[in-house]
Amino acid sequence: MPDRPQISVVVPVRNRRTLLVGLLDALRAQSWRDFEIVVADDHSGDGSAEEARRRGAVVVSADGIGAVAARRTGVRTARGEVLAFTDSDCRPRPGWLAAVAAAMADGAEVVHGPTVPARPPKPMERSMASGQEGLYPTCNIAYRRTVFDKLGGFDGRAAGLLGFRHETRARGLGFGEDTLLAWRARRAGHDVRFASEAVVEHHVFPPDLRDSVSRAWMAGAFPALVREVPELRATLVRRGFLFGPRNRVPVYATGLALLSGRRWAAGTAAAWWAAERWEELRRHPGSRWERVEALPQEMVLDAVVAAALATGSIRARTLLA
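One structure accompanies this document, and this report is about it. Throughout this description, residue numbers start from 1 for each chain and increase along the sequence as written. Whole-chain, interface and lining totals are the exception, using all residues; otherwise, since this is a predicted model, local features are given only for residues with pLDDT of at least 70 and side-chain atom pairs are given and counted only at 80 or more. In computing side-chain values, all of the structure's heavy atoms are included and hydrogens and water are not.

By the convention used here, strands pair only if DSSP detects at least 2 bridges between them. The helix count covers DSSP runs of H or I at least four residues long, the strand count covers runs of E at least two residues long, and both are numbered beginning at the N terminus. The pairing of strand β4 (residues 82-85) with strand β8 (residues 141-144) spans 4 bridges and is classified as antiparallel. Bridged to Ala84 within β8 is Ala142. Pairing analysis gives 3 bridges linking strand β6 (residues 110-112) to β8, with the strands arranged antiparallel. The residue of β8 that forms the bridge with His112 is Ile141.

The subject of this paragraph is the packing of helix α12 (residues 249-259) against helix α13 (residues 263-281). Between α12 and α13, whose axes approach to 8 Å, the crossing angle comes to 160 degrees. Here α13 runs roughly antiparallel to α12, going by the angle between their axes. Considering only the axes of α12 and α13, their crossing is left-handed. Side by side, α12 and α13 meet where Val249, Pro250, Val251, Ala253, Thr254, Ala257 and Leu258 of the first sit next to Ala265, Ala266, Ala269, Ala270, Trp272, Trp273, Glu276 and Arg277 of the second. Classification used: nonpolar for Ala, Val, Leu, Ile, Met, Phe, Trp, Tyr, Cys and Pro, charged for Asp, Glu, Lys and Arg, polar for all others including Gly. Split into classes, the residues belonging to the contact of α12 with α13 amount to 12 nonpolar, 1 polar and 2 charged. Here an angle of 0 to 180 degrees is reported between the N-to-C directions of two axes, which are lines fitted to C-alpha atoms, with helices fitted over the stretch in contact. The scheme is simple: roughly parallel for angles under 35 degrees, roughly antiparallel for over 145, roughly perpendicular for 65 to 115, oblique for anything else. Note: crossing handedness is left-handed where the near helix turns anticlockwise from the far helix by less than a right angle, and right-handed where it turns clockwise. Whether two residues are in contact is decided by their heavy atoms: any pair within 4.5 Å suffices.

Ordered in space as β3-β2-β1-β4-β8-β6-β9, the 7 strands form an open sheet in which the pairing is mixed. Each edge of the sheet is formed by a strand with only one pairing partner; in this case those strands are β3 (58-61) and β9 (192-194). This sheet shows a mean twist of 20 degrees between the axes of neighbouring strands, independent of strand direction. Sheet topology note: the β6/β9 ladder contains 3 bridges and is parallel.

Our focus in this paragraph is α12. Burial in α12 covers these residues: Pro250, Val251, Thr254 and Ala257. All buried residues of α12 project into a common sector of 135 degrees when viewed along the axis, lining one side. Away from the buried face of α12 by more than 90 degrees, exposed residues Leu256 and Leu259 are located. Each element contacted by the buried residues of α12 is listed here: α13 and α14 (288-316). Gly261 occupies a position one or two residues after α12 and carries a positive phi of about 80 degrees. Each residue gets one of three labels from its accessible area relative to the maximum for its type: buried under 20%, exposed over 50%, partly exposed in between, using a 1.4 Å probe on protein chains only. Each C-beta atom gives one direction from the helix axis, and the arc is the one those directions make.

Our next topic: the side chain of Thr86. Structurally, Thr86 is set in the loop between β4 and β5 (90-92). Here a polar contact is recorded for every N or O atom pair within 3.5 Å, except that within protein the pair must consist of a potential hydrogen donor and a potential acceptor, and residues adjacent in sequence are included only if both atoms are side-chain atoms. At a separation of 2.8 Å, a polar atom in the side chain of Thr86 contacts the main-chain carbonyl oxygen of Cys139. If sequence neighbours within four positions are ignored, Thr86 has contacts with Val9, Val10, Val11, Pro12, Leu23, Pro92, Trp96, Thr138, Cys139 and Val200.

Looking at the secondary structure, you find Asn140 in the loop between β7 (115-117) and β8. A residue is classified by how much of its surface remains accessible, and Asn140, at 2% relative accessible area, is buried. Distance in space between the C-alpha atoms of Asn140 and Pro12 is 13 Å, their sequence separation being 128 residues. Apart from the residues lying within four places of it in its own chain, the contact partners of Asn140 are Phe85, Trp96, Val111, His112, Gly113, Pro114, Thr115, Ala198, Val199 and Val200. Polar contacts involving the side chain of Asn140 include one to the main-chain carbonyl oxygen of Ala198, which spans 2.8 Å.

This is how it looks when you write it as structure tokens:
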């Protein structure tokens, strides 16, 4: 790696050795070569740090809990003029850093690109996608170092803002700090640019209902995030209060009918709800049996998200459903 790299790629990791190897291989395949890799290891016990060192990365020990603290530790060690962020469960395509560097050379100060699943997920598999919706996830974003420092970086405001000050699980996953930082940049007049060729592929994880329930509950943070960044209503909210593309009206209808003791109405709403989810599952790859098996689990997750949004809306005094 160069002595004074133009770009520092900062990666937090905890016990993801196999995935980290894939990421490091993808970074070694980059067409842009003027960069270093800084891996912030958050107390891994599976050899992640040792593997990163063997593959030429600068490895630092993260002194906090979770990805946000690890990124801050990595930033303190990074030497590049540009800080590029991605995650251990990602695979940047070969032109990723070249697209970031080209946008920076053209005057951009913050650059983000598309994140896509590595393959179409089957029912109940987990991946992520992002584009120009305004969330600016840290799996695919880069900041000019001077701008990052001027804005205060990942200063932890999100933990308190989103109501997770004392919830280690939420802080460990990281939520909101990336969105708030990018919007601070936009509101300060910095050039925040989307580079369509800066593509990152996100790993597709196998079904894990317990983990999915935990992540579904984190949807309760979105009302506070939308309150802080009202511009997100244009991309994430429909009809003034419906969050995301999924129709949760039958979920709430089922719950209200049950609470009011109207069993026939609850059954009708539940049938509507199941039909909606089945139609979505039909668009996923996989067998009919996989779809049948996933349907009740999807409905459980729907109920968790609905409860989380209701709770978050009350706490943030901002309605999302």
